[in-house]
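Reading the structure
Take a look at the letters that make up each chain.
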Amino acid sequence: MEDLPAELTIDILSRLPVKTIVDCKRVCKKWRSLVSDSSFVNFHLSRSPPTGFIFHQNVNHLYYHRIDPGILRWVEIEDKIVDDRRLHPDPPMNLDLNRVPIFQKSLISQMGSVNGLICLWQHSTQQDNTFICNPVTREIMILPSPRYHTQEDFRRIFCGFGVSSLTGEYKVVRTFKRRIPLNGNQSYRITVFEAEVYTLGTGQWRNVGRVPYRLHGSHVPFLNDHFHWIVSKMEDAPERICTFDLNTETFQLFPSPPSEAIQGNCIQRLAVLKGCLCKSDTGGFKFTIWVMKEYGIKKSWHKEMVITKVISKWPVWLYLDYIYLIGGLKDGTILLVSGTGGSLFAFYPRNNTIEEIETFDWLEGGMAYRPSFLKLQNFESERIHIHAMVRSLGRVPHWLDDSYQPFLNGHMHSHVKDEDTTKKLCIFNLDKEMQGIRGFAPTNPGKSCLCQVIHEHLCEVVHDFKFTIWAMKEYGIKKSWHNEVVAKQGMSSYLVAYFRQGKTIKDTKLFKCYFTRMTYCPSFVKLWNFESERKWRNLVLDSSFVNLHLSRSPTRLIIHHKIHDPRMYRRMYAPNEPGILKWVEIEDKVDHHPFTPRPSHEP
Amino acid sequence: MSKKTLTLMSKDKQLFNIEEHLAVQSVTIRNMVKEDGASSVIPLPRVDSETLALVIEYLNRQQAPEEDEDYVKKFVDERGEIPTLLELAQAALDLDIKKLMDAACMKVADLIKDFTLEEVREALRIENDRTPEEEKAIRDEFQWAF
């Protein structure tokens, strides 16, 4: 048989489960390029049914009360929960947010999901960042900071994420609270609610003006090009639901279900159930689900089900907990998450039973999810992180000084701090991924020193009563260690220049208290050209130019990680302060006024 | 009114007769008939006689529309060999018979779903065009594929 036509291959591949498709990229080069192609991505998206849920599990936060981003776990569910009535999580399909450096030690919430993209929100008193992530392509996009940070009360921010069916634009909308002066009088301020919209690919947030009603509901379901909120009870509005049209970018009231007198405190929440907008009420010892059968038609609201008495081994959960509706399966089963315990429950309307699904617990949330191969890189303006997990190479056999491990000749170098050994260096070969101990270090055990690379030589900088630099003239030859520089002068905490000829030290009076110093060679090497990421957009900078520039780049820049500067003094103890990276360009020699700091780069 | 008959010719020059009203389920044939009346033999240079026989059998089915879905499924299920299915899918693609192609592709996808990569290559007769080093590099990349 001749080669399969591409059309057939695409057709067959797009019918496979996502994980198998990822595997199938390895079958041959042709398949690999087929799967990466946008025509396959779109075809797959048009065909793949929303057969899955993505759960946000966070034991560390919910149980241990630690600040932790948690794990995203994806399950593909067929029409019903299979025989043993358990969902089968597939460990390789987990996205451990803790392994993504930008998420470490922060709290993350899932805000919405369309076409396989998930909107995540990182929130704390200091952080207010929005991310878009595609677990399949392992990409994470950081949206620019919104214009208004609402640090005083972040719970007032409600994010929604959706895609326009007219233009195909992906938009994030967030409403937030802002205090503005009343009639220009600065001492009287009133609180207003406003909304901002971010269109993926544009690089900036746009303020779309005042929100006409006080809204609530941390979950903002997206359906039919509209976002939906519950109108706060404090507002006197004829309808209790407010929508935001993604295309016209306006807020409008929306037909809501007839209100019912409910005893006690009732918690309302909107969700999407089998393609219909629905509203759930918890309170008065029952859980009611209203469904709007025809979108936008007030009369089509009807009470889909009321869960009052449930046959379950957990008879009390319903009355105590705030319950989220996650979604429904084809056979009518409804998935619910209890807010306090984070347990997942399946409700079977046919026999009116409810069951805890024990494979998932400590959930912060969950939502229907349709996996896709959409590439975030195709949006041009945002920063993209590729979530590549760290591979473990096993235990390190020595106690290493991990403060700074310079790289030279294909090896990383680090001091061994084991007590009984004489001063040694441990090296790690980056190509072979092997480590070994070498008696490289000059014989001065017991002194605190730093390993550095200076002028392409491996050096040790010993800094006690005097300042000594040992250099290894020939790499790997122990006898070539020699005493390069000795300065008797004590050091100030400023950056100093050492002049070899006169053996003098000059204080630059610049840049106080640095945390790290290292040499830096500026280059145009693009991080996204690395293999794991596979982005072949039209390269703005051709790789041949990048390499040429790198080989010629004559100047060395010094990069500083500033741990504190006087402006930061007051909040010096803020543990999350990342400091500032500054770079200066140094010509061949230091002049009278040598260092001209360039505009600083703050990562 | 006598029913008009068309003649289809396979790759290996075998002739098959089929009534026109059945044959026009194929969009390709329908267009040909519209254009020139298709009085002569319609050549199908990419379809062999065994596959064409299957396609004719499918086109000749006498099912009520509501049973059609099941019939297609069963029809494909009975011919559960991957090479046959691929030929069938290809013929359906050439002749533009959507239902048949969908069913055949679905069946192939179902079959290879749980295959190892080696089995997929073998079943679809794809040559592995990577060196072992490339293979290893990609395997490392996808160990944490999700």
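The following refers to the structure shown. If you're wondering where the values come from, they're calculated on a predicted model, not measured in any experiment. (Residues numbered from 1 in each chain as written. Chains lettered and ligands numbered in written order. Predicted model: local features only at pLDDT ≥ 70, side-chain atom pairs only at ≥ 80, totals over all residues. Heavy atoms only, no water.)

Here the focus is the overall build of chain B. Check the secondary structure of chain B and you find eight helices and three strands. Reading chain B from its N end, one meets helices and strands in the order β-β-α-α-β-α-α-α-α-α-α. In chain B, the share of contacts with a sequence separation of at least 24, taken over all contacts with a separation of at least 6, comes to 60%. With an accessible surface of roughly 8300 Å², chain B has 50% of that area assigned to carbon and sulfur atoms. (Helix = DSSP H or I, 4+ residues; strand = E, 2+ residues; numbered from the N terminus. Contact = heavy atoms within 4.5 Å. Areas by Shrake-Rupley, 256 points an atom, 1.4 Å probe, with all protein chains shown as cover.)

What chain A contains, in helices and strands, is seven helices and 39 strands. Residue burial in chain A is summarised as follows: out of 603 residues, 46% are buried. For chain A, contacts bridging at least 24 residues in sequence account for 47% of all contacts bridging at least 6. Here chain A has roughly 31900 Å² of accessible surface; of this, 52% comes from carbon and sulfur atoms. (Buried < 20%, exposed > 50% of the residue type's maximum accessible area, 1.4 Å probe, protein only.)

Turning our attention to the pattern of salt bridges. Where charged atoms from two side chains of opposite charge come close, those side chains can pair. In the structure shown here, the tally under the stated rule is 15 salt bridges over all chains. Across the salt bridge formed by Arg 174 of chain A and Glu 196 of chain A, the nearest N and O atoms sit 3.8 Å from each other. With Arg 174 of chain A in strand S9 (residues 170–182) and Glu 196 of chain A in strand S10 (residues 185–199), this residue pair connects regions lying 22 residues apart in the sequence. Among the residues examined, Arg 174 of chain A registers a relative accessible area of 0% and is labelled buried. We classify Glu 196 of chain A as buried; its relative accessible area is 0%. Of the charged contacts in the structure, one is a salt bridge between Arg 206 of chain A and Glu 249 of chain A, with a shortest N-O distance of 2.9 Å. In this pair, Arg 206 of chain A is assigned in strand S11 (residues 205–210) and Glu 249 of chain A in the loop between strand S15 (241–245) and strand S16 (251–254), connecting sequence segments 43 residues apart. A relative accessible area of 32% means that Arg 206 of chain A is categorised as partly exposed. According to the relative accessible area criterion, Glu 249 of chain A is buried, its value standing at 16%. Shared partners join several salt bridges into a network, and the residues in it are Asp 11, Arg 15 and Arg 47 of chain A together with Lys 98 and Asp 102 of chain B. (Salt bridge = Lys/Arg side-chain N within 4 Å of Asp/Glu carboxyl O.)

Take the packing of helix H1 (residues 6–14) of chain A against helix H4 (residues 38–47) of chain A next. Residues and elements named next belong to chain A. The interhelical angle for the contact between H1 and H4, taken along N-to-C directions, is 45°, at an axis separation of 10 Å. Taken together, the axes of H1 and H4 are oblique relative to one another. Two packed elements cross with a definite hand, and for H1 against H4 that hand is right-handed. Packed against H1, whose contacting residues are Ile 10, Asp 11, Leu 13 and Ser 14, the element H4 presents Ser 39, Phe 40, Phe 43, His 44 and Arg 47 at the interface. Across the contact of H1 with H4, the residue classes break down as four nonpolar, three polar and two charged. (Axes fitted to C-alpha atoms, helices over the stretch in contact; angles between N-to-C directions. Parallel < 35°, antiparallel > 145°, perpendicular 65-115°, else oblique. Left-handed = near helix turned anticlockwise from the far one by under 90°. Nonpolar A, V, L, I, M, F, W, Y, C, P; charged D, E, K, R; others polar.)

Moving on, we come to the sheet that holds strand S2 (residues 15–19) of chain B. Residue and element names in this part refer to chain B. Reading across from one edge, S2-S1-S3 is the order of the three strands in this open sheet, with mixed pairing throughout. In this open sheet, the two edge strands, each paired with only one partner strand, are S2 and strand S3 (42–43). Examined bridge by bridge, strand S1 (residues 5–9) and S2 share five bridges and lie antiparallel to one another. Across the sheet, the residue bridging to Leu 8 is Phe 16, located in S2. (Pairing = 2+ DSSP bridges.)

If you check the backbone angles, Glu 249 of chain A has positive phi at about 55° while not being a glycine. Positive phi, normally seen in glycine, also occurs at Lys 13 of chain B, with a value near 65°. Structurally, the position occupied by Lys 13 of chain B is in the loop between S1 and S2. Residue classification places Lys 13 of chain B among the exposed residues on the basis of a relative accessible area of 62%.

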